[in-house]
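Chain and residue survey
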Amino acid sequence: MDFRQLESFVAIVKHGSFTKAAEGLFLTQPTLTGHIQSLENELGTVLLNRCGKTVTLTEAGEILYRYAVNILNSRELARYALAQYEGKLEGELAIAASTVPQRHILPRLLAAFNQRYPRVSFRLNQHDSKGVVQAIASSAVDFGFVGTPVCGNELEAVELCRGRLVVITPNAGRYADLEEKSLAWDELKDERFILREAGSGSRSVFLEGLAAKGLDIKDLKVIATVENPDTIKQCVMAGLGIAVVSELSVQEELRLGLLKAFYLKELDLTQRFYFVVHKNRVLSPVARAFQEFTLEYTRSLPKSPAQRLEPPAFPLSC
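A short tour of the structure in this document, coming up. (Residues numbered from 1 in each chain as written. Predicted model: local features only at pLDDT ≥ 70, side-chain atom pairs only at ≥ 80, totals over all residues. Heavy atoms only, no water.)

1. Remarks on the pairing of strand β12 (residues 270-278)
Applicable threshold: Burial classes: relative accessible area under 20% of the type maximum marks a residue as buried, over 50% as exposed, and values in between as partly exposed (1.4 Å probe, protein chains only). A run of DSSP states H or I qualifies as a helix once it reaches four residues; a run of E qualifies as a strand once it reaches two. Both are numbered from the N-terminal end. We treat two strands as partners when DSSP finds at least two bridges between them.
In terms of residue burial, β12 counts as a mostly covered element, since 8 of its 9 residues are buried. Bridge analysis of strand β5 (residues 143-146) against β12 gives 3 bridges, and the strand direction is antiparallel. Along β12, the bridge assignment pairs G144 with V276. With 9 bridges joining them, strand β6 (residues 155-170) and β12 adopt antiparallel strand pairing.

Written out as structure tokens, the structure is:
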């Protein structure tokens, strides 16, 4: 077993493809295939399931993958320690984030980190909160950012900041002339609701708020379930129904008068955003620097939902 074989194995798993892994490692596919065959022969087991263009891990592959990631990261730690790498970090960070953190928290955080470490690049994947957790647990990414609490013995979630969910309506009809900032549930309970997909952090917060009031999803007139937040806003503008979304996600539409937004008086719709890390993984120097930087950055963010989390509220640097 050597580093080239482990690098090839990890790259195939991360890309889910021999072709993409070969391109990323600047190897030919026959060379990459040879590395995997040698590794499997040495270990006496099959590591990858090959079905057409799809590549998945066998049970043995899942065991090796966890160790392989740590081995390669430990090698990088040794390299940088010997080179006194501080200030010379370079490499790629793989980050998964749910919609709101990716659009409204990560851009400034990554820009600030890049100012300190300009040789580091980023690979961002968008999932719902559940998908982010799965990506970290499977070692597909280094870190995650989500809008819902995270459970699991191997994962740790650090609260970054808080926001609020609001009910958005068309800026038309009975809502157009309303001056109130908050509405009672009884004023909305008969409306048609557009919900985010299962696994969404904002959906979970909304349903938890309903549960605290003795209600559940069956008490809603759900007209649509939509994954894309921009599509939800367009549907509300078109009059399909109303929706409950992060206040952060509708700042521009509110400024332009395209939508109206209201707080719900009886429901606690505070949403917490978390930085998620794998507790048992050996971090590469780049990942370790990013974790330390993010925790430092976190201390500068407003925690109270009373502090509106509009983009200007986020500092450009720590």
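Now that the structure has been shown, the text picks up again.
2. Side note on the packing of helix α1 (residues 3-15) against helix α2 (residues 18-25)
Here is the rule we go by: Axis definition: a line fitted to C-alpha atoms, over the contacting stretch in the case of helices. Angles run 0 to 180 degrees between N-to-C directions. An angle counts as roughly parallel when it lies under 35 degrees, as roughly antiparallel when it exceeds 145, as roughly perpendicular when it falls between 65 and 115, and as oblique in every other case. If you view the pair so one helix is near and one far, a crossing is left-handed when the near helix is turned anticlockwise from the far one by less than a right angle, and right-handed when it is turned clockwise. Throughout, a residue-residue contact means that at least one pair of heavy atoms, one from each residue, lies within 4.5 Å. As a working rule, the residues Ala, Val, Leu, Ile, Met, Phe, Trp, Tyr, Cys and Pro are called nonpolar, Asp, Glu, Lys and Arg charged, and the rest polar, with Gly in that last group.
Running from N to C, α1 and α2 point in directions that differ by 125°, and their axes come no closer than 8 Å. If you check the angle between α1 and α2, you find them oblique. Crossing geometry of α1 relative to α2 is assigned as right-handed. Where α1 approaches α2, its residues E7, S8, A11, I12 and H15 are matched on the opposing element by F18, K20, A21 and L25. Partitioning the contact of α1 with α2 into residue classes produces 5 nonpolar, 2 polar and 2 charged.

3. Focus: the packing of aromatic side chains
Counted only if it meets this: Two aromatic rings, drawn from Phe, Tyr or Trp (for Trp, its six-membered ring), form a pair once their centres lie within 6.5 Å of each other, and the interplanar angle then sorts them: stacked below 30 degrees, edge-to-face above 60, tilted otherwise.
A complete count under the given rule lists 14 aromatic pairs for this structure. For the pair F9 and Y65, a centre-to-centre distance of 6.2 Å together with 75° between the ring planes defines the contact as edge-to-face. Of this pair, F9 sits in helix α1 while Y65 sits in helix α4 (residues 59-82); the two residues are 56 residues apart in sequence, bridging distant segments of the chain. Just as F9 is buried, Y65 falls in that class too. A centroid spacing of 5.3 Å and a plane angle of 80° characterise the contact between F113 and F293, whose relative ring orientation is edge-to-face. Of the two residues, F113 sits in helix α6 (residues 106-116) while F293 sits in helix α11 (residues 285-298), which places them 180 residues apart along the sequence. You can call F113 buried: its relative accessible area is 0%. F293 gets classed as buried once you look at its relative accessible area, which sits at 3%. Counting every residue linked through ring pairs, the aromatic cluster contains F113, Y117, F122, F143, F145, F275, F290, F293 and Y297.

4. Comments concerning unusual backbone geometry
Positive phi, close to 60°, is recorded for F26, a residue that is not glycine. Following the sequence through the fold, F26 ends up in the loop between α2 and α3 (29-43). Within the chain, S139 stands out as a residue other than glycine whose phi angle is a positive 70°. On the basis of relative accessible area, S139 is assigned to the buried category, the value being 7%.

5. Regarding the environment of G34
Relative to the assigned elements, G34 resides in helix α3. Looking at G34, the relative accessible area reads 23%, which means it is partly exposed. Expressed as a C-alpha distance, the spacing of G34 and S8, which sit 26 residues apart in the sequence, is 9.7 Å.

6. As for a nonpolar patch on the surface
Keep this limit in mind: What makes a patch is a set of residues exposed beyond 30% relative accessible area and free of salt bridges, joined within 9 Å when like-charged and within 5 Å when nonpolar (Val, Leu, Ile, Met, Phe, Trp, Tyr). All accessibility values rest on the Shrake-Rupley procedure with a 1.4 Å probe; residue burial counts only the protein chains present in the view. The term salt bridge refers to a side-chain nitrogen of Lys or Arg lying within 4 Å of a carboxyl oxygen of Asp or Glu.
Together, F3, I63, Y67 and I71 make up an exposed nonpolar region whose accessible area comes to about 390 Å². A per-element tally of the nonpolar patch places α4 first, with 3 residues. Inspection of the secondary structure assignment puts Y67 in helix α4.

7. Points about helix α8 (residues 201-212)
The criterion, for reference: By this rule the span expected of a helix is its residue count minus one, scaled by 1.5 Å.
For α8, built from 12 residues, the straight-helix expectation of 16 Å at 1.5 Å per residue is met to within 8% by its first-to-last C-alpha distance of 17 Å. Here α8 has its buried residues at G201, S202, R203, V205, F206, G209 and L210. Following α8 by one or two positions, G214 has its phi on the positive side, about 85°.

8. A look at the packing of α2 against α3
α3 packs onto α2 with a crossing angle of 105° between their chain directions and a minimal axis gap of 9 Å. In terms of axis orientation, α2 runs roughly perpendicular to α3. Contacts between α2 and α3 involve F18, T19, A21, A22 and L25 from the former and Q29, L32, T33 and I36 from the latter. Its residues assigned to classes, the contact of α2 with α3 shows 6 nonpolar, 3 polar and no charged.

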